[in-house]
Amino acid sequence: MRTDAQIKQDVLDELAWQPNIDETQIGVIVEDGVVTLSGVVDEYSKKVAAEKATKKVAGVKAVAEDIEVKYGDDFKKTDKEIAKVAVNALEWNSSIPKEKIMVKVEDGYIYLTGQVPWEYQKSAAKNTVLNLMGVKGVINNIIIESNVKPSEVKDSIKKAYKRSANIGANKINIDIDGHIVKLTGTVSSIKEKEDAGKAAFYAPGVTQVKNHLKVQHDPEYAL
């Protein structure tokens, strides 16, 4: 089993490897495999990148992200300015049914609500606005509504797992309750856990995924 010290060093190395992250701005604390990130960055995209980089590291069970986004005076935007730009950005994205999405901005945070038929549209809406200037964070409360039969959902997810080289399908149990998916079993990394959750979300008809997969250390690191 990997020690917290080993995990911390790998997280620091991974952050240093990322071209858009200044690792000297980010503090890293590891306790029982749970990584806490802290510090201040000048772009929301850097905050997201730091979290993604950390989740790639073997042995990381969870990430507590306390990084703060602070824009310089030249780049500060009012909530009204952010809202206007966000609405325009959504209108330009042809994959998003913009008429079904509402935007609210409060203290630099964008809140998305509404209903769309596909998970990729919900994800696309968030990705469209998260890198806009002045944005501190995005809370995506868009709901998925679909007419796909629940009986078709499980087979779709199984096929998606089998197609993926990054997901151990034989170690994941899939339970369906209406349009809600519950995942149980074990995976080798937090990244694999997230990939399994995303793959389930992308299946037609899925409105919610309860990801209860447990991260089990890769045996090669126990030497």
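Scroll up a little and you will see the structure.
The rules behind each value
Residues numbered from 1 in each chain as written. Predicted model: local features only at pLDDT ≥ 70, side-chain atom pairs only at ≥ 80, totals over all residues. Heavy atoms only, no water. Helix = DSSP H or I, 4+ residues; strand = E, 2+ residues; numbered from the N terminus. Rg over C-alpha atoms; globule rule 2.2 N^0.38 Å. Buried < 20%, exposed > 50% of the residue type's maximum accessible area, 1.4 Å probe, protein only. Areas by Shrake-Rupley, 256 points an atom, 1.4 Å probe, with all protein chains shown as cover. Lys, Arg positive; Asp, Glu negative; His and termini not counted. Charge placed at Lys NZ, Arg CZ, Asp CG, Glu CD. 1 Å grid on protein atoms, 1.4 Å probe; cavity = no way out; pocket = protein on both sides within 12 Å on 5 of 7 lines; lining within 4 Å. Points joined across faces, edges and corners; volume = space filled by probe spheres on them. Nonpolar A, V, L, I, M, F, W, Y, C, P; charged D, E, K, R; others polar. Pairing = 2+ DSSP bridges.

Asker: I tried to follow the overall build of the protein chain on my own but got confused; where do I start?
Answerer: The secondary structure content of the protein chain amounts to six helices and 11 strands. Its C-alpha atoms give the protein chain a radius of gyration of 19 Å, near enough to 17 Å, the size a compact globule of 223 residues would have. Each principal axis of the C-alpha atoms in the protein chain carries an extent, and together these give about 55 × 50 × 20 Å. Residue burial in the protein chain is summarised as follows: out of 223 residues, 38% are buried. As presented, the protein chain carries roughly 12700 Å² of accessible surface, and 49% of it is formed by carbon and sulfur atoms. Between the mean site of the 32 positive side-chain charges and the mean site of the 33 negative ones, the protein chain shows a separation of 6 Å.

Asker: Help me understand the layout of surface pockets in this model?
Answerer: Where empty space is left in the structure can be found by rolling a water-sized probe over the atoms. If you add up the space inside the largest pocket, you get close to 1000 Å³. Around the largest pocket sit 28 residues that line it, and Lys 52, Lys 55, Lys 126, Glu 194 and Lys 198 are the ones nearest its centre. Elements supplying a minimum of two residues to the lining of the largest pocket: helix H2 (44–55), helix H4 (119–129), strand S6 (137–140), helix H6 (190–201) and strand S10 (208–211). Residue composition of the lining of the largest pocket, by class: seven nonpolar, seven polar and 14 charged.

Asker: Before we go on, may I ask you to explain the pairing of strand S1 (residues 26–31) in this structure?
Answerer: Within a regular beta strand, the side chains point alternately toward one face of the sheet and then the other, so they alternate between its two faces. Across the two faces of S1 the burial differs, with Ile 26, Val 28 and Val 30 buried and Gly 27, Ile 29 and Glu 31 not buried at all. The pairing of S1 with strand S2 (residues 34–41) spans six bridges and is antiparallel. Residue pairing across strands places Val 30 opposite Val 35, the latter belonging to S2.

Geometric values such as these leave the question of function open.
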